[in-house]
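A structural walkthrough
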Amino acid sequence: MMEGMKSKSILGVRIDNFNNNFEDILERLKNEENALIVTLDIHQLLRVRSNKKLKETVNNASLVIASHHTIAKGYNFIHKEKLEYMKDFIFFSNILSYMDKKKMSMFLFGNEEKYFFSILEKIKKIYPNITNIGSFENTKNKTELEKAFIGLKKIDPNMLLIYMSFKKSLYWFSDNKENLKVKLCVPVSRPLDGFAGKTESPNRNILESNKEEIFYLKKNIFRIFLYFDYIFFWILVLFEKLTLKKNKK
């Protein structure tokens, strides 16, 4: 465990609480190999909780960041500690800013190659000091995938940016991590959807005021059913708190 960072679980899923500057954490992680950085919102946390393979991957990641204030509230309720959280858009902005400052290199890997150009051009425009050294669309062809791994090992990018859905990205990392040789592995979906122009992204004011759920709800009224996850989350948190109290007695 890195100095300045503590790990505890909530609903059986590891969450890291880092007191250090986020850049200090990244500075240490970039010296590792295949350092997986995961952000979790409420819906993703519940999915990880009930999926053995996802839970194993997340619990063994190099850094697990809560990306929703409700997780921080649940963490505080259980452990009586303040939890630092970071929205996925802000996390993505922070990690790209760090890479731009350090003049690091990145490789884009994932699904929907038709969006790669838009994503890379936007990153290049906002973060001109990040070197893009390639992209590759995920494939089920083992021979083609092996060639991609050989290429990755040769160019040795500082960051592998994985553009897939949450579940697919972690499954892919778990299945292929032995063949990778990169510094940072960062699976992201929603921020890259915004970079690709697939969806409209909430601005920083909305994120900092914790109003992104209302923003998304206005775009898609059916997201209202996701609010059941919040009820389920708090039921599980209350049950975990009661269980901990009972065990202490």
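Residue positions are given per chain, counted from 1 along the sequence in the order it is written. In keeping with the model being predicted, local features are shown solely for residues with a pLDDT of at least 70 and side-chain atom pairs are shown and tallied solely at 80 or more, while totals for entire chains, interfaces and linings include all residues. To get the side-chain values, take all heavy atoms of the structure and skip hydrogens and water.

**Quick look at the overall build of the chain**
To keep it simple, the criterion reads: Here a strand is any run of E in DSSP of at least two residues, a helix any run of H or I of at least four, and the numbering for each starts at the N terminus. Between the two quantities, the radius of gyration covers C-alpha atoms and the globule rule is 2.2 Å times the number of residues to the power 0.38. Burial here depends on accessible area, computed with a 1.4 Å probe over protein chains only, as a share of the maximum for the residue type. Under 20% is buried, over 50% is exposed, and the range in between is partly exposed.
A tally of helices and strands in the chain yields 12 helices and 8 strands. For 249 residues, the compact-globule estimate of 2.2 N^0.38 gives 18 Å, and the chain sits close to it at 18 Å. Projected onto the principal axes, the alpha-carbon positions of the chain cover approximately 55 × 40 × 35 Å. The burial tally for the chain puts 48% of its 249 residues in the buried class.

**So, the environment of K102**
Structurally, K102 can be placed in helix α5 (residues 88-102). Taking the relative accessible area as the measure of exposure, K102 reaches 39% and is therefore partly exposed. Along the primary structure K102 and I15 are separated by 87 residues, whereas in three dimensions their C-alpha atoms are 27 Å apart.

**Here we look at the sheet that holds strand β8 (residues 184-187)**
This is how it is decided: Any two strands are treated as partners once DSSP identifies two or more bridges connecting them. For helices, the axis comes from a line fit to the C-alpha atoms of the stretch in contact; other axes are also lines fit to C-alpha atoms, and the angle between any two N-to-C directions lies between 0 and 180 degrees.
With parallel pairing, 6 strands are arranged side by side in an open sheet as β4-β3-β8-β7-β5-β6. The open sheet has two free edges, formed respectively by β4 (63-66) and β6 (131-137), since each of these has just one partner strand. Between one strand and the next, the sheet's axes are offset by a mean angle of 20 degrees, whatever the strand orientation. Taken together, the 5 bridges between strand β5 (residues 105-110) and strand β7 (residues 159-163) define a ladder with parallel strand orientation.

**Some words on the side chain of S105**
Worth spelling out the cut-off: Contact between two residues is taken to exist if any of their heavy atoms lie within 4.5 Å; hydrogens are not considered.
Counting through the fold element by element, S105 comes out in strand β5. Residue S105 is classed as buried on the basis of its relative accessible area, which comes to 11%. With residues up to four places along the chain from it excluded, the contact list for S105 reads M99, T131, I133, D156, P157, N158 and M159.

**Side note on the pairing of strand β1 (residues 5-10)**
Successive side chains on a regular strand alternate, one facing one side of the sheet and the next facing the other. Two strands pair when backbone bridges link them, and β1 and strand β2 (residues 13-18) are joined in this way by 6 bridges, in the antiparallel orientation. Within β2, the position partnered with I10 by the bridge is V13. The hairpin formed by β1 and β2 contains 2 residues between the paired strands, and L11 there has a positive phi angle of roughly 60 degrees.

**Describing the pattern of salt bridges**
Under the convention used in this document: By salt bridge we mean one thing: a side-chain nitrogen of Lys or Arg within 4 Å of a carboxyl oxygen of Asp or Glu.
A complete count under the given rule lists 16 salt bridges for this structure. A salt bridge links E81 to K8; the nearest nitrogen and oxygen atoms lie 2.4 Å apart. One end of the pair, E81, is in the loop between α4 (69-79) and α5; the other, K8, is in strand β1, and 73 residues separate them in sequence. Here K183 makes a salt bridge to D156, at a shortest N to O gap of 3.2 Å. Placement of the pair is K183 in the loop between α8 (166-176) and β8 and D156 in the loop between α7 (142-155) and β7, with a sequence separation of 27 residues. Bridged by salt links that share partners, the residues K6, K8 and E81 form one connected network.

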